[in-house]
Amino acid sequence: MDKFNQKKYLAERKLLKENYSKELLLKALGDDDDAFIQLGNGKELLIKNPNSNNDDNAAMWGDNSVFALDQDGEEYEIEYSDIAGINL
């Protein structure tokens, strides 16, 4: 997995905050390959677009939760309701 320059990524993006469901999160993600989500405690994790023709990315998305990655590539299962914002 490639390492991301999180500071640069966040400087170029904007934080959108709403009450997320799977549908709203996918709509916010749009055509971007990936994005950082922010949890209520300030922790930021990377999500991958399931519509990128990559079966691994698609498998990370469930009806109630998504698997997100930290800087070290460790996976966390995050309930959509626990997402405070998305950095686009």
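Now for a quick tour of the structure. Per-chain numbering applies: the sequence of each chain, read as written, is numbered from 1 onward. Since the coordinates come from a predicted model, pLDDT governs what is reported: local features require at least 70, and pairs of side-chain atoms require 80 or more to be given and counted, while whole-chain, interface and lining totals use all residues. Here the side-chain values reflect all heavy atoms present in the structure, with hydrogen atoms and water set aside.

1. Overview of the pairing of strand 5 (residues 75-79)
Regular strands show a simple pattern: their side chains alternate between the two faces of the sheet.
In step 1: As paired strands, strand 4 (residues 65-69) and strand 5 are joined by 5 bridges and run antiparallel to one another. Bridge pairing in strand 5 links Ser65 to Glu79.
In step 2: Only when DSSP finds a minimum of two bridges between them are two strands counted as paired. Only DSSP runs of H or I reaching four residues or more are called helices, and only runs of E reaching two or more are called strands; each is numbered from the N terminus. Linking strand 4 to strand 5, which pair antiparallel, is a turn of 5 residues; within it Gly73 sits at a positive phi near 85°.

2. Focus on the side chain of Asp70
In step 1: Relative to the helices and strands, Asp70 resides in the loop between strand 4 and strand 5.
In step 2: Exposure categories follow from relative accessible area, calculated using a 1.4 Å probe and restricted to protein chains: below 20% of the type maximum is buried, above 50% is exposed, and the middle band is partly exposed. This count recognises Lys and Arg as positive and Asp and Glu as negative, with His and chain-terminal groups excluded. The salt bridge definition used is simple: a Lys or Arg side-chain nitrogen within 4 Å of an Asp or Glu carboxyl oxygen. Of the buried charged residues, Asp70 lacks a salt bridge, with Lys43 as the closest side chain of opposite charge at 5.3 Å.
In step 3: A polar contact of 2.9 Å, which involves the side chain of Asp70, links it to the backbone nitrogen of Glu74.
In step 4: Polar contacts, as used here, are pairs of N or O atoms within 3.5 Å; protein pairs need one atom able to donate a hydrogen and one able to accept it. Residues neighboring in sequence count only if both atoms are side-chain atoms. One polar contact links Asp70 to Tyr76, side chain to side chain, over a distance of 3.2 Å.

3. Regarding the nonpolar core
In step 1: In this description, a nonpolar core means a group of buried Ala, Val, Leu, Ile, Met, Phe, Trp, Tyr and Cys residues linked to one another through side-chain atoms lying within 4.5 Å. In this structure, Leu25, Ile37, Ile47 and Ile86 are the most contacted members of the largest nonpolar core, which totals 21 residues.
In step 2: Here this core takes 4 residues from strand 2 (residues 34-39), the largest share from any one element.

4. Overview of the packing of aromatic side chains
In step 1: Only the six-membered ring of Trp is used, alongside the rings of Phe and Tyr, when aromatic pairs are assigned; centres must lie within 6.5 Å, and planes under 30 degrees apart are stacked while those over 60 apart are edge-to-face, with the rest tilted. Tallied over the entire structure, the rule returns 1 aromatic pair.
In step 2: Look at Trp61 and Tyr80: their rings are 6.2 Å apart centre to centre, the planes differ by 25°, and that puts the pair in the stacked class. Note that Trp61 is positioned in the loop between helix 3 (55-59) and strand 4 and Tyr80 in the loop between strand 5 and strand 6 (83-87), a separation of 19 residues in sequence.
In step 3: Given a relative accessible area of 9%, Trp61 falls into the buried group.
In step 4: For Tyr80, a relative accessible area of 4% corresponds to the buried category.
In step 5: Here, a charge over a ring means that NZ of Lys or CZ of Arg falls within 6 Å of the ring centre while also lying within 35 degrees of the ring normal. Against the face of Tyr76 rests Lys43, its NZ or CZ located 4.1 Å from the ring centre.

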